[in-house]
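Here are the chains, one letter per residue:
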Amino acid sequence: MDSNLVNLEDRLANVHDQPLIEFKHVEKKFRQMVAVRDFNLQIQNGEFFVLVGPSGSGKTTTLKMVNRLYEPTAGNIKFLGKNVTAYPINQLRWHMGYVLQKIALFPNLTVAENIALIPEMKGISKSEITSYSRELLKRVQLAPDIYLKRMPAELSGGEAQRVGIVRALASKPPIMLMDEPFSALDPLSRTQLQDLILDLHHELKTTIIFVTHDMKEAMKLGDRIGVMHEGELLQTAKPVTLATDPVNDFVASFFKAKDVLTPLQYELNDVIADNDHIEYTATLPEKSVKFTPHENLNRVIEWMTQHQITVIYVFIKQTHNYAKVSTLDILNFIVHQY
Amino acid sequence: MNNIISTLISRRSDLLQALWQHLGISLLSLLIAILIAVPLAIVVLPHKKTANIFLQLTSILQTIPSLALLGLLIPLVGIGTVPAIIALVVYALLPIFQNTYVGLTEIDPALEEAADAFGMSRLRKLFKVELPLAKPFIISGIQTAAVLIIGTATLAALIGAGGLGSFILLGIDRNNMPLIIIGAVSSAALALLISGWIFFLKNHRARWSFLSVALIILGMIGAGLYQAVKPKPETITIAGKLGSEPDILIHMYADLIKAQSPKTHVVLKSNFGKTSFLFNALRNDDIDIYPEFTGTVLESLVKTPKTKQRLTAPQTYQKARRLLQQQFQLTYLQPMAYENTYALAVKASFAKAHHLKNISDLQTVQSQLHGGLTLEFIDRDDGFKGVKRLYHLDFPVQSMEPSLRYEAIASGRVNIVDAYSTDSELQQYQLLVLKDDRHLFPPYQGAPLMRQDFAKQHPEIVNVLNKLAGRISATDMQKMNYQVNVKKQSSAKVARQYLLTHHLLKE
Ligand SMILES: Nc1ncnc2c1ncn2[C@@H]1O[C@H](COP(=O)(O)OP(=O)(O)O)[C@@H](O)[C@H]1O
Ligand SMILES: [Mg+2]
């Protein structure tokens, strides 16, 4: 296998059976402090993987080891089956789009020049760069004729991060590394850009490793989510599994953290109305727990977790029967609200 | 004001040349300083400790007084443009280095990280990201350096590099205010202009900066190449001190040499500097000939035991010649007739009325005398103190600036002044120099000074310059100074005229 990433397209086509990225017992120490310990993970081609965890848990450090901004102090990371250190470093980086929270558009270059940076280094022709830049800008709802010539200072936060994403995508990288790209944006732009990145992901099939401290965002975006805490990867699972089967108290509590629960200003009513598969029963089973439809969802979840109860019944006045609601129903409802 | 304008008109070609020299020295120094300081800042950027050492070092360099720095450089690299440029570069290093360093360290680390994450090579990152981002800092550093350089470059005239400083020096020497003002104002205007030009570059994209810098470099390389390939016949460099008199003399030397061997290339460096500077230049082979006074040689150039004995003019010359030969291997040719020495002068009419010829004749009119003397003269042992002692004269005196005493005697506020015996004002104000009949004032006779090896290699030049031995009386010199200083004729023309009328040169 050659190391210069030239036949990347072909090789990507043949990676179905092997992970695109693989962490093996990776550790990163800064002096004495262990920022990431014994980190093991496989990310498949085409996956949208989200690393979530509180600030300082080692997410950024993990991400930066992928494109070698940091080197692991132990273990290794593989890209397409080979150690990342086996590739020429700059070529490796041209194949890994990078989007930061601080966006970091170069203020001395126009939007067009910012976007052209990596394709230029890869030796892609000027005309091809321009046409693809225009296409991508349109795709993120920025009119190319207006925005290509602008300087970064002339963009709003949301616009700038759209350009940041376009810049990372412009060289058609097989993988994108995104470090809290939306956390500095206002809620509206954040939602819009989350939808946008999901669309782009489905369209371009780009593998994405996305870092966030926001479980709500993780739930919305991730095919799989890895939860980090104090440098350790506690659990890797699909969003729903994470909620139903937290591997330990930390994951459970992190999942319940306030920003996950904020949308739960809903009532039980909303869960029932949204769901076609709710079972109804005229009589309550023994020892069952009964709620009114107007009960706040927040309180219901708290009560259910506290008492280790997975099913409750809601009295429906109009029809005089009871709706059977499980934690899974509630979770599905929540996930759909994002 | 009128004075300034007329001076400006009569010296416009000198001014243009000085401006050009000044600009050339300044820009070349600036360019060299940029080429040293900017890469240095880039190289030390990752090494904080080294960077701090360089910051300290450059600021220490900047605290050396410019005059001292020039002086220190003379024994190392001689005189002229090279030491001037070195000194200016040294001064310009700090602002450029400091600003470049600060500009580069102030770059947002997120941008640095992004550049790395995008797989930019070190050089690409430098040119595409770091330098453009640090550009405003770098340019204001260059701007500071430019203003500093253009101001300090006026001192370059002191070591023979020319430039606008030569106007200022000449003006100070001749007490000619318009010259000083023209030199100072031009230098300030040049600084403003360059600073404005750099400001313009700051607000335009890199292409413009590169283009104009490239143009300047090309121009300089072109000029340098031209100098280098230009066929060079044997070149003899003759320099003169500040003032019209040495200027006239060196033009005579040039005329005489060229008449003798037309193929010789003679370079004249007028108003080249002060005594010790020219003397060192001669010894360093930077110049070949300059006219020096016998009195000055004994007074300040050679080491000589102090004697009370008063020497006659020929004795002074002989002693000067011998000591120059012994101590410095220099050849001192035969002196001209005139003595440029201290003198006491009265109005010609006053002299006639009281039959005054010698200083000792003043005894008869002592009670009527009222002197206007320079501070230096009043204070010197071979000045007024000597007059009192040797001639037993005493009269009330008023100290005044050299140029003022002539006006004072003209307007009748005083009736006796001190003077240099060849001052053009003596003629201008119709004054008569009284003969120093008791030989108080040390004799100052002018003669060409050159290195011994030069004299040996050029016997024909020694011969032809010796034609001036015993020629040119004090009155002749006064007249010629008058024609240059007051009548604004060129030194070249006045010199030539003298040689022709005295048959030293054929038409
Ligand atoms: N360059 C660095 N030098 C020293 N310590 C660092 C560095 N980068 C991160 N750390 C430390 O490593 C830990 C994990 O940091 P980070 O990966 O940035 O966490 P997160 O991105 O999850 O907020 C933190 O304690 C942080 O202080
Ligand atoms: Mg982080």
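Residues numbered from 1 in each chain as written. Chains lettered and ligands numbered in written order. Predicted model: local features only at pLDDT ≥ 70, side-chain atom pairs only at ≥ 80, totals over all residues. Heavy atoms only, no water.

**Description of the site of ligand 1**
Residues and elements named next belong to chain A. Cut-off, in case you're wondering: Think of it this way: one heavy atom of a residue within 4 Å of a molecule or strand is enough to make that residue near it. Pairs of N or O atoms are called polar contacts if they sit within 3.5 Å, as long as, within protein, a hydrogen donor faces a hydrogen acceptor (for residues adjacent in sequence, only side-chain-to-side-chain pairs). Areas reported as accessible are Shrake-Rupley estimates using a 1.4 Å probe. Residue values count occlusion only from the protein chains shown. Going along the chain from the N terminus, every DSSP run of H or I of four or more residues is numbered as a helix, and every run of E of two or more is numbered as a strand.
The immediate surroundings of ligand 1 are formed by Phe30, Met33, Ala35, Pro54, Ser55, Gly56, Ser57, Gly58, Lys59, Thr60, Thr61 and Tyr70. The separation between an oxygen atom of ligand 1 and a polar main-chain atom of serine 57 is 3.2 Å. The contact in question runs from an oxygen atom of ligand 1 to an N or O atom on the side chain of threonine 61, over 2.5 Å. For ligand 1, the protein covers 62% of the area, taking 560 Å² as the surface of the free molecule. Mapped by element, the contributors of at least two residues to the shell around ligand 1 are strand 2 (33–43) and helix 2 (59–66). The biggest single contributor to the shell around ligand 1 is helix 2, with three residues.

**Some words on the sheet that holds strand 7 (residues 397–399) of chain B**
What holds strands together in a sheet is hydrogen bonding between their backbones, with the strands either parallel or antiparallel. Residue and element names in this part refer to chain B. Note the following rule: One requirement defines pairing of two strands: DSSP has to find at least two bridges between them. Axis lines are fitted to C-alpha atoms, over the contacting stretch for helices. Their N-to-C directions set the angle, which ranges from 0 to 180 degrees. Contacts: residue pairs with any heavy atoms within 4.5 Å of one another.
If you trace the five strands from one edge of the open sheet to the other, you get 7-6-8-5-9, paired in mixed fashion. Of all the strands in the sheet, the pair left with one neighbour each is strand 7 and strand 9 (431–434). Pairwise comparison of adjacent strand axes, ignoring direction, gives a mean angle of 35° for this sheet. By the bridge criterion, four bridges tie strand 5 (residues 342–347) to strand 8 (residues 416–420) in an arrangement that is antiparallel. Paired with tyrosine 342 across the two strands is tyrosine 420, which belongs to strand 8. Helix-sheet contacts for helix 18 (residues 402–410) involve strand 5, strand 6 (371–373), strand 8 and strand 9, and the interaxial angle to strand 8 is about 140°.

**As for the confidence of the model for chain B**
For clarity, the cut-off: Along the chain, pLDDT gives the predictor's confidence residue by residue, from 0 to 100.
When pLDDT is averaged across chain B, the result is 86; 95% of the residues are at 70 or more. Both scores are available for the predicted complex, with the pTM at 0.66 and the ipTM at 0.77.

**Describing the interface of chain A and chain B**
This is how the line gets drawn: A quick way to say it: buried area is the sum, across both parts, of accessible area lost when two parts are put together, with a 1.4 Å probe. Think of a salt bridge as a Lys or Arg side-chain nitrogen and an Asp or Glu carboxyl oxygen that are within 4 Å of each other.
In this complex, chain A contributes 22 residues to the contact, which on the side of chain B involves 18 residues. Approximately 1,800 Å² of surface area, both sides summed, lies buried where chain A meets chain B, with 64% of it carried by carbon and sulfur atoms. Ranking the residues of chain A by area buried against chain B places Phe106, Asn108 and Met121 of chain A at the top, with a combined share of 29%. Counting the contacts that link chain A with chain B gives four salt bridges. When the shortest N-O distance is used, the salt bridge between glutamate 120 of chain A and lysine 128 of chain B registers 3.3 Å. In this assembly, chain A and chain B are joined by eight residue pairs in polar contact (both at pLDDT 80 or more).

**Details of the pattern of salt bridges**
All names here are of chain B. Spelled out, the test is: When a residue's accessible area, from a 1.4 Å probe over protein chains only, is under 20% of the maximum for its type it is buried; when over 50% it is exposed; and in between it is partly exposed.
One pass over the structure, following the stated rule, counts 21 salt bridges over all chains. Across the salt bridge formed by aspartate 418 and arginine 405, the nearest N and O atoms sit 3.1 Å from each other. Within this pair, whereas aspartate 418 is found in strand 8, its partner arginine 405 is found in helix 18, the two being separated by 13 residues in sequence. Residue aspartate 418 is classed as buried on the basis of its relative accessible area of 1%.

**Side note on the packing of helix 1 (residues 2–10) of chain B against helix 9 (residues 177–202) of chain B**
Residue and element names in this part refer to chain B. Rules: Angular relationships are summarised with four words: roughly parallel below 35 degrees, roughly antiparallel beyond 145, roughly perpendicular across 65 to 115, and oblique for the angles in between. Asp, Glu, Lys and Arg are counted as charged, while Ala, Val, Leu, Ile, Met, Phe, Trp, Tyr, Cys and Pro are counted as nonpolar; the rest, among them Gly, fall into the polar class.
Helix 9 packs onto helix 1 with a crossing angle of 70° between their chain directions and a minimal axis gap of 9 Å. Classified by the angle between their axes, helix 1 and helix 9 sit roughly perpendicular to one another. Of helix 9, the residues touching helix 1 (which contributes Asn3, Ile4, Thr7 and Leu8) are Pro178, Leu179, Ile181 and Ile182. In terms of residue class, the contact of helix 1 with helix 9 is made up of six nonpolar, two polar and no charged.

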